[in-house]
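This is what each chain is made of:
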Amino acid sequence: MNAYVFPGQGAQFVGMGLDLYEKYPIAKELFLKANDILGFNITEVMFNGTAEGLKETKVTQPAIFLHSVILSKVMGDSFKPDMVAGHSLGEFSGLVANNTLSFEDGLKLVSQRALAMQKACELKPSTMAAVLGLEDAIVEKICTETEGIVVAANYNCPGQLVISGEVTAVEQACEKLKEAGARRALMLPVGGAFHSPLMEPAREELAAAIANTTFSTPSCPIYQNVPTTAVNSAAEIKKNLMLQLTAPVKWTQSVQQMVKDGATIFTEIGPGKVLQGLVRKIEPSVTTQAPELTD
């Protein structure tokens, strides 16, 4: 079975999508439509901007979403997913790809999500850190024993977990994790504590936007970050999506479940190859690939 997976924040690069824009009329049409919907020229930042400009949350999230969704549209009839999943932001790309959300509604939600997250980041100094070489249970235990807010946020693959929370709490947890034998506990250059309780103001804002958006029955199941199992109901997808910003991204568990349910080929749709690498570490027996485009 074919699983299609969609990356999240961090996969962006200057020039992303330009090849699609220049080569495929459908891509050009959707990129220009995106400029109108967003109210600023995102294509200019994506194609000709700076790495710094592309790193702005209000730009990064819509940019990655656009690259992923437009790539799936360009594939035409060869895009035939049996299941989809997305890493954090990538879940919105997956929901357009499996026809749960329209392109327009998906882009509007992603833009609102980015702005709400930016606002939440400004309320309190917060950050994230990557922890390598420790079992999940040890990382979770140290987070609960650390004073202040710090939680396991991204279960990326076995031995790679990202923690998230208040700056001082994350710093303290990193020291304890190194003492416990972590190969690395490295602060990440991010503006806030994504997938932690500190995102509650953003979650409330996004939940209101999601509640007012039409969700259709998906054309194939999506394995959401919450609850990591196959979801086929529009109402269920909507409810789970409202929880996503403050809940951890259980990528390892989602991929394991997809393989249990029959996935043998994972195709990453979007910029970069991060998810292909993670999938191989989670389930070495499966095939991973980028999409092949025809002229």
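Refer to the structure printed above.
Here we summarise the structure given alongside this text. Fair warning: this is a prediction, and the values are worked out from it, not measured in the lab.

Let us look at the layout of surface pockets. Roughly 950 Å³ of internal volume is contained in the largest pocket. Residue assignment for the lining of the largest pocket shows that the elements contributing at least two residues are α5 (57-74), α7 (103-123), β3 (126-132), β4 (150-157), β5 (160-166) and α13 (274-282). Among the elements that line the lining of the largest pocket, the one with the most residues is α7, at 6 residues. Looking at the lining of the largest pocket residue by residue, the classes come out as 17 nonpolar, 14 polar and 6 charged. Counting the residues that make up the lining of the largest pocket, at least three belong to each of domain 1 (1-120 + 195-287) and domain 2 (122-186). Taken as a whole, the second largest pocket holds about 190 Å³ of empty space. Along the walls of the second largest pocket sit 13 residues, with D19, H67, L71, G270 and P291 positioned nearest its centre. Only α1 (18-23) and α5 provide two or more residues apiece to the lining of the second largest pocket. A class-by-class count of the residues in the lining of the second largest pocket yields 6 nonpolar, 4 polar and 3 charged.

A word on the environment of M258. Among the secondary structure elements, M258 is positioned in helix α12 (residues 251-260). Between the C-alpha atom of M258 and that of V84, which follows or precedes it by 174 residues, the distance is 9.0 Å. Ignoring any residue separated from it by four or fewer positions in sequence, one finds M258 in contact with A3, V5, M83, V84, A85, Y223, A263 and F266.

Taken as a whole, this structure holds 5 aromatic pairs when the rule is applied. An angle of 55 degrees between the planes, with centres 6.1 Å apart, marks the rings of Y21 and F31 as tilted. Here Y21 is found in helix α1, whereas its partner F31 is found in helix α2 (residues 25-38), with 10 residues between them in sequence. Residue classification places Y21 among the partly exposed positions, given a relative accessible area of 21%. Under the relative-accessibility criterion, F31 is labelled buried at 0%. An aromatic cluster of three or more residues is present, and its members are Y21, F31 and F47. The cationic tip of K58 hangs over the ring face of F40; the distance from NZ or CZ to the ring centre is 5.1 Å.

In terms of burial, strand β1 (residues 2-6) is largely enclosed, as 4 of its 5 residues are buried. Pairing geometry for β1 and strand β9 (residues 265-268), over 4 bridges, is parallel. In the sheet register, Y4 faces β9, and the bridge partner there is T267. Of the pairings in the sheet, the one linking β1 to strand β2 (residues 83-86) comprises 4 bridges and is parallel in character. Each residue of the ladder has a partner; that of F6, found in β2, is G86.

In this structure the tally under the stated criterion is 8 salt bridges. Across the pair E52 and K55 runs a salt bridge whose closest N-O atoms are separated by 3.9 Å. With relative accessibility at 58%, the residue E52 sits in the exposed group.

Here the focus is the environment of A152. Residue placement: A152 occurs in strand β4. Along the backbone, A152 and D136 are 16 residues apart, and their C-alpha atoms lie at a distance of 8.5 Å. Residues within four places of A152 in sequence aside, it is in contact with E140, C143, L161, V162, I163 and P248.

It is worth spelling out α2 at this point. With 14 residues, α2 extends 20 Å from end C-alpha to end C-alpha; this agrees with the ideal 20 Å at 1.5 Å per step. Residues of α2 that are buried: A27, L30, F31, A34, N35 and L38. Buried residues of α2, viewed axially, fall in a sector of 150 degrees; they line one side. Of the exposed residues in α2, the ones pointing more than 90 degrees away from its buried face are P25 and D36. The inward-facing, buried residues of α2 contact α1, α3 (42-48), α5 and α7. Phi for G39, located one or two positions after α2, is positive at around 80 degrees.

Conventions we followed
Residues numbered from 1 in each chain as written. Predicted model: local features only at pLDDT ≥ 70, side-chain atom pairs only at ≥ 80, totals over all residues. Heavy atoms only, no water. 1 Å grid on protein atoms, 1.4 Å probe; cavity = no way out; pocket = protein on both sides within 12 Å on 5 of 7 lines; lining within 4 Å. Points joined across faces, edges and corners; volume = space filled by probe spheres on them. Helix = DSSP H or I, 4+ residues; strand = E, 2+ residues; numbered from the N terminus. Nonpolar A, V, L, I, M, F, W, Y, C, P; charged D, E, K, R; others polar. Domains from an automatic or database assignment. Contact = heavy atoms within 4.5 Å. Phe/Tyr/Trp six-rings, centres within 6.5 Å; stacked < 30°, edge-to-face > 60°. Buried < 20%, exposed > 50% of the residue type's maximum accessible area, 1.4 Å probe, protein only. Lys NZ or Arg CZ within 6 Å of the ring centre and 35° of its normal. Pairing = 2+ DSSP bridges. Salt bridge = Lys/Arg side-chain N within 4 Å of Asp/Glu carboxyl O. Expected span 1.5 Å × (residues − 1). Arc of directions from axis to C-beta.

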